[in-house]
Amino acid sequence: MSMLTLVFNTSEKILESSSSENSTELALIGNIVLKTSEKLISTLVKPTDTNASVSFTLAAVEGQVFMVGPQVTLHKMPRLDTTNSSVDIDLIGMSKNNNERSAAVAFMSYVTMENLLKPDFFNTSNDKIKSMMSTVISATLPKTTNTKLTKPVNFTFRHIREFDPNGSLSCVYWNISEWIGDGCSVLESNNSYTVCSCDHLSTFALIMQTSRPPESQTPGDCFQNIFEQIENITDQELPLNTVTNILTVAFNASEKIVESSSSASRAELASYGNRVLKISEKLISTLVKSTETSASVNFTLPAVEGQVFMVGPQVTLNKIPRLAMTNSSVDIDLIGISKNNNGRTAAVAFMSYVTMENLLKPDFFNTSNDTIKTMMSTVISVTLPKTTNTKLTKPVNFTFRNIREFDPNGSLSCVYWNISEWIGDGCSVLKTNNSYTVCSCDHLSTFALIMQTSRPPESDSLLDLLNLVCVIVGLVFFSLALLTFAFCQWSPLVNNVARINICISLLLAHLLFLLTQPFLSLIRPQQVLCAVISGLLHFLFLSGFVWMFIEAVLLFICVKNLSKISSKKRMVLSTGFLCVIGYVVALVVVCVSVGLVPEGYGSKDCWIKIDKGFIWSFLGPVCVILASNTILFINIVISLNSALKSLNAEVSQIKQTKIMVFKTLAQFVVLGCPWIMGFFSNNSKVLEILFLILNSQQGTFIFLIYCVLNNKVREQYRKFFRCLCSNNTEDHSVTFRVITTE
């Protein structure tokens with residue numbers, strides 16, 4: 001047994017160290033293992049008068065030897081069994097043909113032999129996949145003089161792999177370098193076992209041949225097959241459900257092409273698009289039926305909508321109704337066209353393709369200018385199937401619903417598809433608004449609406465960095481100002497309510513803006529979240545402007561020496577009343593905007609959309625407030641100028657005058673007046689930088705004017721820092737005393 005273990009361990013080591021798939025080398029090693037195994041097992045045969053057996057089980061091989069002698073009393077020897085196979089052999093009959101009336105059979109089952117004697121060594125003319133369905137076994141007659149079989153030998157193989165009912169089983173034996181099936185046949189087979197019969201002894205196995213699976217087709221090949229099959233349709237008329245089923249298959253195949261062909265060339269996409277159009281137009285033509293008066297057929301699928309309208313010789317209509325889809329409609333003079341045909345019959349087929357722009361891309365519209373091209377409509381096609389004379393009596397009008405955000409600065413073009421590109425010849429825009437565009441064309445084809453917009457200027461990294469730094473600095477000073485307003489003691493005559501709420505509104509607005517900008521790519525797909533963020537920004541910025549207006553009014557009253565007002569007026573200008581104005585006005589504007597145009601929130605930057613004039617829900621109130629604040633600021637400056645002139649010359653305080661001038665100019669920023677520059681900064685880098693700096697530093701100027709330049713507040717700062725320093729000094733002195741004491 002140890003010798004067999006050594007042989008099989010050695011063969012496994014050879015297999016592990018040699019990656020060669022050379023059939024000659026593998027067959028040579030296999031033959032050596034077989035010969036050695038058979039020689040070793042023959043040494044187990046011992047003389048016996050009756051009968052005897054020996055069996056063994058190793059990791060790589062199982063074996064059994066059965067011996068009969070001259071005085072054997074058995075009429076039939078028992079079946080020799082191993083784990084996965086068994087053999088029935090007429091050893092008793094064979095012993096009678098020997099002079100000594102003795103014989104022995106050695107049966108071995110090799111667990112790993114298929115790694116050497118591979119099933120592919122079964123040479124057949126067909127190109128099939130060959131699988132080893134059994135362990136390899138060998139049956140020999142060691143130390144037996146006459147080895148001629150008296151009966152065929154039967155082997156029962158247990159299937160070691162999944163049985164394929166469509167496969168072909170072959171009982172084979174090993175012949176030096178290949179598996180051969182001569183002299184062996186399959187007696188019976190089921191899912192678990194197969195019984196083979198052979199007329200000789202050798203090394204045997206059970207091999208299954210199965211057909212190779214068809215090579216995986218690319219979506220393009222699949223689409224090509226579908227296209228060819230549809231092209232072979234010769235029927236002139238088909239039922240509606242048949243047409244819709246074929247169209248569904250065709251568009252599913254085209255979607256697979258788009259998914260798998262991310263790097264497809266323009267020519268390939270155009271070719272696929274042309275095929276889809278040709279298939280669709282052929283199929284929809286089979287819905288045209290003969291009619292005496294008029295008839296129509298329509299269908300709606302996820303990828304395409306279709307409608308066919310037919311008129312006959314006895315039609316009573318003066319004009320056919322508009323053919324309408326979800327996102328488009330067409331007006332065509334089909335009655336006039338039918339009059340130009342002999343049978344006074346005509347039909348129009350109208351289709352709207354939901355996903356066709358993935359194949360016939362808007363970039364295929366070749367223009368001389370370098371613009372961004374956007375598909376503003378679904379792609380549609382209009383044909384006159386089974387109509388002899390297709391000459392139009394009037395131009396055809398198409399109404400497209402804009403499926404994307406309308407840019408009033410963009411240029412719209414009504415285009416038609418011409419083999420490999422979009423062309424605008426023969427088509428014109430009749431009218432357009434934020435929602436719809438009407439096109440007129442003098443021919444029928446496949447049409448679309450494309451918008452060209454100027455490419456946005458490349459992002460300026462330095463400007464972006466400046467913006468980030470300014471916003472962060474502004475947030476710091478907003479926070480410092482709020483802390484000062486909250487913890488410092490103020491005179492009862494000082495009303496800080498507007499300044500506090502300006503800081504709160506703009507702090508939250510800038511913070512929300514700062515936190516969302518780096519994650520726009522993640523937020524944009526969440527349309528509801530993006531709309532909520534834009535709504536919050538709308539409310540916070542708008543409430544900030546309302547509080548700026550309140551601050552301007554309060555400052556104007558203060559400068560005009562109207563602080564001494566009646567108790568009734570004092571109640572009117574109470575903190576509660578001001579808070580109601582400051583936040584409710586902004587909330588009302590946002591709520592009305594949501595009610596009127598709910599889809600107006602959630603642009604690509606998670607801000608208010610500019611189409612349909614919705615941006616004026618923000619710009620309108622802002623313009624009114626900025627105009628009012630500018631007027632109030634001018635009046636405040638004039639009043640202050642008069643007050644400064646009336647100062648006593650002996651108390652001429654140049655320093656105080658300079659501070660007053662600085663406060664006045666800083667108040668210009670606090671009241672939001674520099675926001676006016678936003679209307680003029682598009683073409684000026686300088687104005688853009690000034691706009692960015694001034695409007696991000698409102699918190700800085702509030703902190704400077706009302707905190708740093710306020711004598712009483714500065715005194716409280718000094719007390720705070722003096723207290724802080726004295727605490728630190730006491731700590732140090734205590735530490736020193738402890739050290740010296742020790």
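Computed from a prediction, not measured in an experiment: that's the story for all the values here.

Definitions and cut-offs
- Residues numbered from 1 in each chain as written.
- Predicted model: local features only at pLDDT ≥ 70, side-chain atom pairs only at ≥ 80, totals over all residues.
- Heavy atoms only, no water.
- Helix = DSSP H or I, 4+ residues; strand = E, 2+ residues; numbered from the N terminus.
- Contact = heavy atoms within 4.5 Å.
- Areas by Shrake-Rupley, 256 points an atom, 1.4 Å probe, with all protein chains shown as cover.
- Core = buried A, V, L, I, M, F, W, Y, C linked by side-chain atoms within 4.5 Å.
- Buried < 20%, exposed > 50% of the residue type's maximum accessible area, 1.4 Å probe, protein only.
- Pairing = 2+ DSSP bridges.
- Disulfide = S-S within 2.5 Å.
- Phe/Tyr/Trp six-rings, centres within 6.5 Å; stacked < 30°, edge-to-face > 60°.
- Salt bridge = Lys/Arg side-chain N within 4 Å of Asp/Glu carboxyl O.
- pLDDT = per-residue confidence, 0-100.
- Expected span 1.5 Å × (residues − 1).
- Bend = angle between axes of the 7 residues up to and from the residue.
- Polar contact = N/O pair within 3.5 Å; in protein donor to acceptor, adjacent residues only side chain to side chain.
- Patch = residues over 30% accessible without salt bridge, like charges linked within 9 Å, V, L, I, M, F, W, Y side chains within 5 Å.
- Axes fitted to C-alpha atoms, helices over the stretch in contact; angles between N-to-C directions.
- Left-handed = near helix turned anticlockwise from the far one by under 90°.
- Nonpolar A, V, L, I, M, F, W, Y, C, P; charged D, E, K, R; others polar.

1. Structural notes on the overall build of the protein chain
Right, so step 1: Counting its secondary structure elements, the protein chain contains 18 helices and 26 strands.
Right, so step 2: Sequence-distant contacts in the protein chain: of pairs separated by 6 or more residues, those separated by 24 or more amount to 73%.
Right, so step 3: Accessible area of the protein chain: about 39400 Å², with a carbon and sulfur share of 57%.

2. Structural notes on the nonpolar core
Right, so step 1: Judged by nonpolar contacts, the single largest core of 54 residues is most densely connected at Cys503, Phe541, Phe545, Trp547, Ile550, Phe618 and Ile702.
Right, so step 2: Broken down by secondary-structure element, the contributors of at least two residues to this core are α8 (461-487), α9 (497-516), α10 (520-523), α11 (527-559), α13 (575-596), α14 (616-645), α15 (654-670) and α17 (698-708).
Right, so step 3: In terms of residue count, the dominant contributor to this core is α11 (13 residues).
Right, so step 4: When sequence neighbours within four positions are dropped, the list of residues in contact with cysteine 503 reads Phe478, Ala481, Leu482, Phe485 and Ile702.

3. What to know about the sheet that holds strand β12 (residues 193-198)
Right, so step 1: Spatially, five strands are ordered β3-β4-β8-β12-β11 in an open sheet, and the strand pairing comes out antiparallel. Only two strands of the sheet have a single partner each, and these edge strands are β3 (80-81) and β11 (184-189).

4. Examining the state of the cysteines
Right, so step 1: All chains considered together, the criterion is met by five disulfides.
Right, so step 2: Between cysteine 171 and cysteine 196 runs a disulfide, and the two sulfur atoms are separated by 1.7 Å. Linking cysteine 171 and cysteine 196, the disulfide has an S-S dihedral of approximately -70° and is accordingly described as left-handed. Taken together, the positions of cysteine 171 in strand β9 (residues 168-175) and cysteine 196 in strand β12 put the pair 25 residues apart, joining distant regions of the chain.
Right, so step 3: A relative accessible area of 5% places cysteine 171 in the buried class.
Right, so step 4: Disulfide pairing is shown between cysteine 427 and cysteine 441; the S-S distance is 2.1 Å. On the sign convention where negative means left-handed, the S-S torsion of about 120° between cysteine 427 and cysteine 441 marks this disulfide as right-handed. With cysteine 427 in strand β24 (residues 427-432) and cysteine 441 in strand β25 (residues 436-441), this pair connects stretches of sequence that are 14 residues apart.
Right, so step 5: What makes cysteine 441 buried here is its relative accessible area of 1%.
Right, so step 6: Lacking any disulfide linkage, cysteine 488 is separated from the closest cysteine sulfur, that of cysteine 707, by 7.0 Å.

5. Here's the deal with the packing of aromatic side chains
Right, so step 1: All told, the structure shown has 17 aromatic pairs when counted by the stated rule.
Right, so step 2: Seen from their ring centres, phenylalanine 155 and phenylalanine 204 are 4.5 Å apart, and the 35° between their planes marks the pair as tilted. Residue phenylalanine 155 is located in strand β8 (residues 153-158), and its partner phenylalanine 204 is located in strand β13 (residues 203-211); the two are separated by 49 residues in the primary sequence.
Right, so step 3: Plain terms: the ring middles of tyrosine 601 and phenylalanine 614 are 5.1 Å apart, the flat faces sit at 85° to each other, and that makes the pair edge-to-face. Taken together, the residues span a long stretch of sequence, with tyrosine 601 in the loop between α13 and α14 and phenylalanine 614 in the loop between α13 and α14 at a distance of 13 residues.
Right, so step 4: By relative accessible area, which is 6% here, phenylalanine 614 ends up buried.
Right, so step 5: Connected via pairs of aromatic rings, a cluster forms that spans Phe541, Phe545, Trp607 and Phe618.

6. Looking at the pattern of salt bridges
Right, so step 1: A complete count under the given rule lists six salt bridges for this structure.
Right, so step 2: Here glutamate 357 and arginine 404 are joined by a salt bridge, their closest N and O atoms 3.0 Å apart. One end of the pair, glutamate 357, is in the loop between β18 (346-353) and β19 (371-375); the other, arginine 404, is in the loop between β21 (396-401) and β22 (411-418), with 47 residues separating them in the sequence.
Right, so step 3: Since its relative accessible area comes to 35%, arginine 404 is described here as partly exposed.

7. Focus on the pairing of strand β26 (residues 446-454)
Right, so step 1: With eight of nine residues buried, β26 is to be regarded as a mostly interior element.
Right, so step 2: Bridging between β19 and β26 involves five bridges; their strand directions are antiparallel. What sits directly across from methionine 375, in β26, is isoleucine 450.
Right, so step 3: Bridge count for strand β20 (residues 379-383) against β26 is two bridges, and the pairing is antiparallel. Its bridge partner being in β26, isoleucine 380 is matched across the sheet by phenylalanine 447.
Right, so step 4: Relative to β26, β22 is paired through six bridges, and the arrangement is antiparallel. By the bridge assignment for β26, serine 413 is matched with isoleucine 450.

8. What to know about the sheet that holds strand β17 (residues 328-331)
Right, so step 1: Ordered in space as β16-β17-β21-β25-β24, the five strands form an open sheet in which the pairing is antiparallel. Either end of the sheet is taken by a strand with one partner, and the two such strands are β16 (323-324) and β24.

9. As for the confidence of the model for the protein chain
Right, so step 1: With 86% of its residues at a pLDDT of 70 or more, the protein chain has an overall mean of 83.
Right, so step 2: This stretch, residues 648-652, has a pLDDT under 50; its non-local contacts, to residues over four places away or in other chains, come to zero contacts.

10. Some details on the side chain of glutamine 698
Right, so step 1: By the element assignment, glutamine 698 lies in helix α17.
Right, so step 2: When residues no more than four places from it in sequence are discounted, the contact partners of glutamine 698 are Phe478, Leu506, Met548, Val669, Val670, Gly672 and Trp675.

11. Observations regarding helix α6 (residues 266-285)
Right, so step 1: Taking 1.5 Å as the rise per residue, α6 with 20 residues should run 28 Å; its terminal C-alpha atoms sit 29 Å apart, in good agreement.
Right, so step 2: Leu269, Ala270, Tyr272, Gly273, Val276, Leu277, Ile279, Ser280, Leu283, Ile284 and Ser285 are the residues of α6 that are buried.

12. Brief notes about the environment of cysteine 439
Right, so step 1: Examined against the element boundaries, cysteine 439 turns out to sit in strand β25.
Right, so step 2: Assessed through its relative accessible area of 0%, cysteine 439 is described here as buried.
Right, so step 3: In this structure the C-alpha to C-alpha distance between cysteine 439 and valine 429, which are ten residues apart in sequence, comes to 4.5 Å.
Right, so step 4: Filtering out sequence-adjacent residues up to four positions away, cysteine 439 remains in contact with Val396, Asn397, Phe398, Phe400, Cys414, Ser428, Leu430 and Leu449.

13. Some words on the pairing of strand β14 (residues 294-300)
Right, so step 1: Where β14 meets strand β15 (residues 304-311), seven bridges bridge the pair, whose relative direction is antiparallel. Note that in β15 the partner of threonine 300 across the bridge is glutamate 305.
Right, so step 2: What sits between the antiparallel neighbours β14 and β15 is a turn of three residues.

14. Remarks on α13
Right, so step 1: Over its 22 residues, α13 extends 32 Å from the first C-alpha to the last, a length consistent with the 32 Å expected when each residue adds 1.5 Å.
Right, so step 2: Maximum bend of α13: about 25°, positioned at valine 584.
Right, so step 3: Taken as a whole, α13 has its buried residues at Leu578, Gly582, Ala586, Val590 and Ser593.

15. Observations regarding the side chain of serine 202
Right, so step 1: For serine 202, the position within the fold is in the loop between β12 and β13.
Right, so step 2: The class for serine 202 is buried, based on a relative accessible area of 17%.
Right, so step 3: Of the polar contacts made by the side chain of serine 202, one reaches the backbone oxygen of tryptophan 174; its length is 3.5 Å.

16. Concerning a nonpolar patch on the surface
Right, so step 1: On the surface, Leu465, Leu468, Val469, Ile472, Val473, Val476, Leu480, Leu483 and Phe487 cluster together into a nonpolar patch covering about 790 Å² of accessible area.
Right, so step 2: Along the chain, the position of valine 476 falls in helix α8.
Right, so step 3: Valine 476 sits in the partly exposed class, given a relative accessible area of 44%.

17. Considering the packing of α8 against α17
How two helices pack is summed up by the angle between their axes together with the distance between the axes.
Right, so step 1: α17 packs onto α8 with a crossing angle of 35° between their chain directions and a minimal axis gap of 7 Å. In this structure, α8 crosses over α17, and the sense of that crossing is left-handed. For the pair α8 and α17, contact is made by Val473, Gly474, Phe477, Phe478, Leu480, Ala481, Thr484 and Phe485 and by Gln698, Gly699, Thr700, Ile702, Phe703, Tyr706 and Cys707, respectively.
Right, so step 2: Its residues assigned to classes, the contact of α8 with α17 comprises ten nonpolar, five polar and no charged.

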